[in-house]
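A look at the structure
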Amino acid sequence: MSQEIIIQGPNVEFSQGAEAAHHDHEHHEQHFIWKYIFSQDHKIISKQFLITGMIWAIIGALFSVFFRLQLGFPDSTFPVMERFLGEWAKGGKLSPEFYYALVTMHGTILVFFVLTAGLSGTFSNLLIPLQVGARDMASPFMNMLSYWFFFIASMFMFVSLFVQTGPASGGWTTYPPLSALKEASLGSGTGMDLWLISMALFVVSSLLGGLNYISTVLNMRTKGMTMTRMPLTIWAFFFTAVLGVLSFPVLFSGLVLLIFDRNFGTSFYLSEIFIGGKALPHIGGSAILYQHLFWFLGHPEVYIIMLPGMGMASEVLATNSRKPIFGYFAMIISLVGITLLAFLVWAHHMFVTGMSPFLGSIFVLLTLLIAVPSAVKVFNWLTTMWKGNLRFTPAMLFAMGFVSMFISGGLTGIFLGNSALDIHLHDTYFVVAHFHIVMGVSAFFGMFAGIYHWFPKLYGRFMNNTLGYIHFFITFVGAYLIFWPMHYEGIAGMPRRYYDYSAWESFKQFQSLNGFISIVAIVVFFTQLLFVMNFFLSIFRGRKLTNKNPWGSTTLEWTTPIHPGHGNWPGEIPEVYRWPYDFKDDGHGKDFIPQTVPLREGEEAH
């Protein structure tokens, strides 16, 4: 006897079984507000995360264009900046205070609001129920709340851009004492308070989502969907959620203590501070404590951003190579290794804080160890493509670009993981280049691969391929032209977050290179606007989907109708009989066998 599952929400209730069709019809009669705004359907919520994340991505990238103009052309004025930024760019010249605020907000927005909420919130929501065979998330209501906490956090962060003293300007890490003292700088005032409130709400959103994802994967799988039959995307989303649930509360505690230091006279991070020769009453605190709390989240955060891209790249590469993923169990074990080691390497960000050299050597070892599971994944991706029947769709190109960026960015991490080398390279452009390639650009490539690949599932239409190819090639070449030269600037000792380098004889030699980097950055930014145009036009005018499994995939999400209702499958949820990567002759002229097809006589399960 099959177990009955009932999902309830405003004006919607349906059950698995005979009544599903009737209740699905009931769902279509919901009011617009309950269907699209306060929706409890995981597919609608994934679209909300995606579009909110895209808006933030445009804002965050635009900020980088503004400060790249300052870095590339420090003696020039740009009237367009005054139009956008008002008194912060009088006469078309960025003010030094606002330059640091732009750098801070650029990092905060892209790391947290785009590559954490936008990436994980979109694809965990879309794919977990569809690929494990569930009607919805374990708690649709909690899922809805996770988006709305993210939206409220977004509003606080957006409002902080317009306060009179400017947004937060302590760097995206907001180290004290600069962030803990309101009088330290303009950007340490109201804007910093709004930043802290926004980030606290963001953590609540991430925890609500993460708990939901874990519960759904563990408890809501359809019949036959054992853990070892789950696609690698689901394994990646699962470990991403585990990382978030275990590490975000530590950041939350660090933010709360910072709010106390700023507003309630405590001294968790402050001690022996003098302003204008006058001692402040703070004593006994340690600014290094904040760094420990921040980086205990901050390094898992790298993999919270990277793991979804790894999972989606695995799926896209296997599907478009028409080959089973190479080393399925090794890929799972490597995900476990990355998840465990991610919690043990945070202090490699702190080699220059006066840490004991012996303790530093332990973190060097652990940091270099994390390269092993990463190398396993890279080997398996390359071997999956080897001698495959490759289809170069835009999604496939971005998945291959993801692998390229992950390799080149990861190799430079070996330099920074060495405590002796890090003393020279710390806080230089070498660090900027490394983490932008490995964490920023490669994560975006994973996200783009996912959007191009699952766009037909989201909207029942295809994105324009020609625009997709243009988007890929300019972004791929542009990313290397922007960030690869920065490694050489960093090796030469050029520090990051400086407003103007023209006062230093040793760094003047890089002025023409900085100008080149800025021009390429602007070209790449406008290419992303081309992607945004392609995305929104394709929702309404893209080529319609006629085959519900356009890529010839084996996983469950392609067994739903082209426009699935709330509940995903009309009638019974399909049963699973095989692993998710059966790309082989099915005996009927196709080169793949879906998970829902029973094993043939004499056929062994993978």
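Residues numbered from 1 in each chain as written. Predicted model: local features only at pLDDT ≥ 70, side-chain atom pairs only at ≥ 80, totals over all residues. Heavy atoms only, no water.

1. A look at the overall build of the chain
The secondary structure content of the chain amounts to 19 helices and 4 strands. In terms of C-alpha radius of gyration, the chain reaches 25 Å, essentially the compact-globule figure of 25 Å for 606 residues. C-alpha extents for the chain along the principal axes are approximately 80 × 50 × 50 Å. Taken across its 606 residues, the chain has 59% of its residues classed as buried. Taking the contacts inside the chain whose residues are at least 6 apart along the sequence as the reference set, 76% of them involve residues at least 24 apart. Here the chain contributes 32 positive and 33 negative side-chain charges, whose respective centroids are spaced 6 Å apart. (Helix = DSSP H or I, 4+ residues; strand = E, 2+ residues; numbered from the N terminus. Rg over C-alpha atoms; globule rule 2.2 N^0.38 Å. Buried < 20%, exposed > 50% of the residue type's maximum accessible area, 1.4 Å probe, protein only. Contact = heavy atoms within 4.5 Å. Lys, Arg positive; Asp, Glu negative; His and termini not counted. Charge placed at Lys NZ, Arg CZ, Asp CG, Glu CD.)

2. Section: the pattern of salt bridges
For the structure on display, the rule yields 8 salt bridges. Note that arginine 262 is salt-bridged to aspartate 193, the shortest N-O span being 2.9 Å. With arginine 262 in helix α9 (residues 232-263) and aspartate 193 in helix α8 (residues 190-219), this residue pair connects regions lying 69 residues apart in the sequence. Judged by relative accessible area, arginine 262 falls into the buried class, the value being 8%. Residue aspartate 427 pairs with arginine 496 through a salt bridge whose shortest N-O separation is 2.7 Å. A residue pair is termed long-range when its members are at least 10 positions apart, and aspartate 427 in the loop between α15 (419-425) and α16 (429-459) and arginine 496 in the loop between α17 (465-491) and α18 (505-508) qualify at 69 residues. Judged by relative accessible area, aspartate 427 falls into the partly exposed class, the value being 35%. Here the salt bridges do not stand alone but share partners, grouping Lys182, Asp193 and Arg262 into one network. (Salt bridge = Lys/Arg side-chain N within 4 Å of Asp/Glu carboxyl O.)

3. Section: the confidence of the model for the chain
Predicted coordinates in areas of low pLDDT are best not read in detail. For the chain, the average pLDDT comes to 91, and 95% of its residues sit at 70 or higher. Of the regions scoring below 50 in pLDDT, residues 1-27 engages in 48 contacts with residues more than four places distant in sequence or in other chains. (pLDDT = per-residue confidence, 0-100.)

4. Description of empty space enclosed by the protein
Empty space left among the atoms is revealed by rolling a probe the size of a water molecule over them. Throughout the structure, instances matching the rule amount to 4 cavities of 30 Å³ or more. Reported here for the largest cavity is a volume of approximately 1000 Å³. What lines the largest cavity is a set of 48 residues, among which Ser64, His106, Leu110, His436 and Phe483 lie closest to the centre. With 12 residues, α16 is the single largest residue contributor to the lining of the largest cavity. Here the residues of the lining of the largest cavity are counted per class, giving 35 nonpolar, 10 polar and 3 charged. Roughly 200 Å³ of volume is contained in the second largest cavity. Forming the walls of the second largest cavity are 18 residues, and the residues nearest its centre are Thr116, Ser120, Ser206, Gly210 and Tyr213. For the lining of the second largest cavity, the elements supplying multiple residues, two or more each, are α6 (117-132), α8 and α9. For the lining of the second largest cavity, the leading source of residues is α8, giving 6 residues. The class makeup of the residues in the lining of the second largest cavity is 8 nonpolar, 10 polar and no charged. (1 Å grid on protein atoms, 1.4 Å probe; cavity = no way out; pocket = protein on both sides within 12 Å on 5 of 7 lines; lining within 4 Å. Points joined across faces, edges and corners; volume = space filled by probe spheres on them. Nonpolar A, V, L, I, M, F, W, Y, C, P; charged D, E, K, R; others polar.)

5. Comments concerning the side chain of aspartate 41
Within the secondary structure, aspartate 41 sits in the loop between α2 (32-37) and α3 (42-72). Under the relative-accessibility criterion, aspartate 41 is labelled buried at 4%. Among the polar contacts listed, one links the side chain of aspartate 41 to the side chain of lysine 43, at a separation of 3.0 Å. Dropping the residues within four chain positions of it, aspartate 41 is found in contact with Asp136, Gly565 and His566. (Polar contact = N/O pair within 3.5 Å; in protein donor to acceptor, adjacent residues only side chain to side chain.)

6. Re the environment of aspartate 427
Sequence separation between aspartate 427 and glycine 493 is 66 residues; the distance between their C-alpha atoms is 9.0 Å. With residues up to four places along the chain from it excluded, the contact list for aspartate 427 reads Pro495 and Arg496.

7. A few points about the side chain of asparagine 380
Structurally, the position occupied by asparagine 380 is in helix α13 (residues 371-385). Note on asparagine 380: relative accessible area 3%, which makes it buried. From its side chain, asparagine 380 meets the backbone oxygen of glycine 327 in a polar contact 3.3 Å long. Not counting the four nearest positions on each side in its chain, asparagine 380 is found in contact with Phe326, Gly327, Ala330 and Met331.

8. Brief notes about the packing of α16 against α17
Relative orientation of the contacting elements α16 and α17 amounts to 165°, with a least axis distance of 7 Å. Classified by the angle their axes make, α16 and α17 are roughly antiparallel. Of the two possible hands of crossing, α16 and α17 adopt the one that is left-handed. Residue composition of the contact of α16 with α17, grouped by class: 16 nonpolar, 7 polar and 1 charged. (Axes fitted to C-alpha atoms, helices over the stretch in contact; angles between N-to-C directions. Parallel < 35°, antiparallel > 145°, perpendicular 65-115°, else oblique. Left-handed = near helix turned anticlockwise from the far one by under 90°.)

9. Focus on the packing of aromatic side chains
Here a ring pair, both rings aromatic, is described through the centre-centre distance and the interplanar angle of the planes. All told, the structure shown has 68 aromatic pairs when counted by the stated rule. Look at phenylalanine 398 and phenylalanine 472: their rings are 5.2 Å apart centre to centre, the planes differ by 85°, and that puts the pair in the edge-to-face class. In this pair, phenylalanine 398 sits in helix α14 (residues 394-416) while phenylalanine 472 sits in helix α17, placing the two residues 74 residues apart along the sequence. For the pair formed by phenylalanine 398 and phenylalanine 472, the shared burial category is buried. Centroid distance tyrosine 501 to phenylalanine 507: 6.2 Å. Interplanar angle 90°. Geometry classified as edge-to-face. (Phe/Tyr/Trp six-rings, centres within 6.5 Å; stacked < 30°, edge-to-face > 60°.)

10. Digging into the packing of helix α10 (residues 287-321) against α13
Any two packed helices are characterised by how steeply their axes cross, that is the angle between the axes, and by the distance between the axes. For the pair α10 and α13, interaxial distance at closest approach is 9 Å and the crossing angle is 20°. Taken together, α10 and α13 sit at an angle that is classed as roughly parallel. The crossing of α10 and α13 is left-handed. Seen from α10, the contacting residues are Met310, Ser314, Leu317, Ala318 and Ser321; seen from α13, they are Lys377, Trp381, Thr384 and Met385. Taken together, the residues of the contact of α10 with α13 sort by class into 5 nonpolar, 3 polar and 1 charged.

11. Things to note about unusual backbone geometry
The omega torsion of the bond from proline 176 to proline 177 falls at 10°, within 30 degrees of zero and hence cis. By secondary structure assignment, the location of proline 177 is in the loop between α7 (140-160) and α8. Backbone geometry at glutamate 272 places phi at a positive 55°, although glycine is not the residue there. Within the secondary structure, glutamate 272 is located in the loop between α9 and β3 (274-275). The phi angle at lysine 387 is positive, at roughly 60°, despite the residue not being glycine.

12. Overview of a nonpolar patch on the surface
Together, Leu368, Leu382, Ile407, Leu411, Ile414, Phe415 and Leu421 make up an exposed nonpolar region whose accessible area comes to about 590 Å². Here the nonpolar patch takes 4 residues from α14, the largest share from any one element. Structurally, isoleucine 407 can be placed in helix α14. (Patch = residues over 30% accessible without salt bridge, like charges linked within 9 Å, V, L, I, M, F, W, Y side chains within 5 Å. Areas by Shrake-Rupley, 256 points an atom, 1.4 Å probe, with all protein chains shown as cover.)

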